Amino acid sequence: GAVVSQHPSWVICKSGTSVKIECRSLDFQATTMFWYRQFPKQSLMLMATSNEGSKATYEQGVEKDKFLINHASLTLSTLTVTSAHPEDSSFYICSSIPRLATSYEQYFGPGTRLTVT
Amino acid sequence: KNEVEQSPQNLTAQEGEFITINCSYSVGISALHWLQQHPGGGIVSLFMLSSGKKKHGRLIATINIQEKHSSLHITASHPRDSAVYICAVSSYNTDKLIFGTGTRLQVFP
């Protein structure tokens, strides 16, 4: 089946630094990737939609300058949390839609737990 | 009111019990997804439905488009089924998912 990986799986960083999270589709090409964040015991919240070769579309209330998304290839999207603060600590998950998908199937990454100290 | 509602929010069961988790939605959809999230956080897609019923092992998912309702059933539940089960819908003409708040299932031996 389709596999999506995320790297790193967890990261601890100091307040004010930037952190990059990678989302890769390992065995398929993905024209669209989604980035979500999840707070403890809450559901996923869509942050942005990332399309290969174009600018990401951010959901209302998500700061595009804070959460930089780059979808440089059909298998890789990155989320960079800039000038991280403790309130950015969260679980970040990506999902991918295969380029040749004939249905609405989405494949999720394992997630990245970010802790900002 | 959320566009996707799940019930119950929490569920405990003894090993071997038959489990049902319900999902109701209020928007027009292209597909409904059932997802499983284990304590470690990773999400696995269990089913994607647009009509009828699907079965995979001990898991069965059904959907009634007219009633805007779906159920996820687990037969012969096992402690390893303990997880959060999330219902999500793809609304018409979009790949974006709208998520329910999840059902936390604990199965005790």
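Just above sits the structure.
Report follows, based on the coordinates. (Residues numbered from 1 in each chain as written. Chains lettered and ligands numbered in written order. Predicted model: local features only at pLDDT ≥ 70, side-chain atom pairs only at ≥ 80, totals over all residues. Heavy atoms only, no water.)

A word on the overall build of chain B. Helix and strand content of chain B: zero helices and eleven strands. Going residue by residue from the N terminus, the α and β elements of chain B occur as β-β-β-β-β-β-β-β-β-β-β. The C-alpha radius of gyration of chain B comes to 13 Å, within 12% of the 13 Å expected for a compact globule of 109 residues. Taken along the three principal axes of its C-alpha coordinates, chain B extends 45 × 25 × 25 Å. Every one of the 109 residues in chain B was classed for burial, and the buried ones make up 48%. In chain B, 55% of the contacts between residues at least 6 apart in sequence involve partners at least 24 apart. As displayed, chain B offers around 5,200 Å² of accessible surface, 49% of which is attributable to carbon and sulfur atoms. Taking the average place of the 9 positive charges on the side chains of chain B and the average place of its 7 negative ones, the gap between the two points comes to 5 Å. (Helix = DSSP H or I, 4+ residues; strand = E, 2+ residues; numbered from the N terminus. Rg over C-alpha atoms; globule rule 2.2 N^0.38 Å. Buried < 20%, exposed > 50% of the residue type's maximum accessible area, 1.4 Å probe, protein only. Contact = heavy atoms within 4.5 Å. Areas by Shrake-Rupley, 256 points an atom, 1.4 Å probe, with all protein chains shown as cover. Lys, Arg positive; Asp, Glu negative; His and termini not counted. Charge placed at Lys NZ, Arg CZ, Asp CG, Glu CD.)

Residues and elements named next belong to chain A. Read across the sheet, four strands follow the order 1-3-8-7 without closing on themselves; strand pairing throughout is antiparallel. One side of each edge strand has no neighbouring strand; the edge strands of this open sheet are strand 1 (4-7) and strand 7 (67-73). For this sheet, the mean angle separating the axes of adjacent strands, direction not counted, is 15°. Across six bridges, the pairing between strand 3 (residues 19-25) and strand 8 (residues 76-81) is antiparallel. Its bridge partner lying in strand 8, Glu22 is registered against Thr78. (Pairing = 2+ DSSP bridges. Axes fitted to C-alpha atoms, helices over the stretch in contact; angles between N-to-C directions.)

Along the polypeptide, Ser91 of chain B turns up in strand 9 (residues 83-91). What Ser91 of chain B contacts, discounting residues up to four positions off in sequence, is Gly28, Ile29, Ser30, Lys96 and Ile98 of chain B.

Residue and element names in this part refer to chain A. Alignment of strand 7 against strand 8, held across five bridges, turns out to be antiparallel. The partner of Ser73 across the bridge, within strand 8, is Leu76. Linking strand 7 to strand 8, which pair antiparallel, is a turn of two residues.

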